[in-house]
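Secondary and tertiary structure notes
Residues per chain, in single letters:
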Amino acid sequence: LGIDYCCKGNVALATACEAKGADASAVAAQLEAQAPTPGDGPEAPWRKTVDALVERIVSKHHAYMREALPRLEWMTDKVAKVHHDRDARLSELAAAFKSFARETEEHLNKEEMILFPFCKLLETGQRPPFPPTVTLPVRTMMREHEDHGAALGDFRRLTDGFAVPEGACNT
């Protein structure tokens, strides 16, 4: 539906739907009709502690990104090299994705080396010596999430809404 529930997910569903010209009731019905992911209910272990949540994020989401980004970067580069004569936007897409992949890898590292250890300490009642609060790392991560959301918007624009063009190769 093109609704950003991640990087700009801090708005009400109705507001996000209105911005996209979507019917909030219909979107809510679609969401409610989806089967829940096994193990993600309210009693999921990763919902119990910060340590378990961090482990879940790193082992599931970060691991996926570290596996997918190099493969997708290779694919976007290959498609751009082979088909740039049919659509000049492919070269722009490949360059933008390369930048996105690098920034995402840096972001994952910052979460794992700075933000997540900080959050784990806070859960135990400890305070790290620097920075004095979690505000700066969180603000930085949120800004980077918004930047990533903007990049995804650029990818959507450069691919006509992620549509596969007629005659596209398997890559």
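Up top you'll find the structure we're talking about.
What follows deals with the packing of helix 1 (residues 13-20) against helix 2 (residues 24-33). Between helix 1 and helix 2, the shortest axis-to-axis distance is 9 Å and the interhelical angle comes to 120°. Here helix 2 runs oblique to helix 1, going by the angle between their axes. Relative to helix 2, the crossing made by helix 1 is right-handed. Here helix 1 contributes Leu13, Ala14 and Cys17 to the contact with helix 2, which in turn contributes Ala24, Val27, Ala28 and Leu31. Here the residues of the contact of helix 1 with helix 2 sort into seven nonpolar, no polar and no charged.

Let us now look at the side chain of Thr104. Note on placement: Thr104 falls in helix 4 (residues 89-123). Dropping the residues within four chain positions of it, Thr104 is found in contact with Met65, Leu69 and His148.

Next up on the list: the packing of aromatic side chains. This model, assessed by the stated rule, comprises three aromatic pairs. Between the aromatic rings of Phe100 and Phe155, the centroid separation amounts to 5.3 Å while the plane-to-plane angle is 80°, which identifies the pairing as edge-to-face. On the criterion of sequence distance, the pair formed by Phe100 in helix 4 and Phe155 in helix 5 (residues 135-158) is long-range, its members being 55 residues apart. Under the relative-accessibility criterion, Phe100 is labelled buried at 8%. By relative accessible area, which is 6% here, Phe155 ends up buried. Joined through ring pairs, the aromatic side chains of Phe97, Phe100 and Phe155 make up one cluster.

Together, Glu103, Glu106, Glu146 and Asp147 make up a region of like negative charge exposed at the surface. Among the secondary structure elements, those contributing two or more residues to the negative patch are helix 4 and helix 5. Tracing the chain through its elements places Asp147 in helix 5. Relative accessible area serves as the criterion here: at 43%, Asp147 is assigned to the partly exposed category.

Attention now goes to helix 3 (residues 50-83). With 34 residues, helix 3 should cover 50 Å at 1.5 Å per step; its first-to-last C-alpha distance of 46 Å lies within 8% of that length. Maximal helix bending in helix 3 amounts to about 30°, located at His62. Within the sequence span of helix 3, burial applies to Val54, His62, Ala68, Leu69, Glu73, Thr76, Val79, Ala80 and His83. Lining the buried residues of helix 3 we find helix 4.

Definitions and cut-offs
- Residues numbered from 1 in each chain as written.
- Predicted model: local features only at pLDDT ≥ 70, side-chain atom pairs only at ≥ 80, totals over all residues.
- Heavy atoms only, no water.
- Axes fitted to C-alpha atoms, helices over the stretch in contact; angles between N-to-C directions.
- Helix = DSSP H or I, 4+ residues; strand = E, 2+ residues; numbered from the N terminus.
- Parallel < 35°, antiparallel > 145°, perpendicular 65-115°, else oblique.
- Left-handed = near helix turned anticlockwise from the far one by under 90°.
- Contact = heavy atoms within 4.5 Å.
- Nonpolar A, V, L, I, M, F, W, Y, C, P; charged D, E, K, R; others polar.
- Phe/Tyr/Trp six-rings, centres within 6.5 Å; stacked < 30°, edge-to-face > 60°.
- Buried < 20%, exposed > 50% of the residue type's maximum accessible area, 1.4 Å probe, protein only.
- Patch = residues over 30% accessible without salt bridge, like charges linked within 9 Å, V, L, I, M, F, W, Y side chains within 5 Å.
- Areas by Shrake-Rupley, 256 points an atom, 1.4 Å probe, with all protein chains shown as cover.
- Salt bridge = Lys/Arg side-chain N within 4 Å of Asp/Glu carboxyl O.
- Lys, Arg positive; Asp, Glu negative; His and termini not counted.
- Charge placed at Lys NZ, Arg CZ, Asp CG, Glu CD.
- Expected span 1.5 Å × (residues − 1).
- Bend = angle between axes of the 7 residues up to and from the residue.

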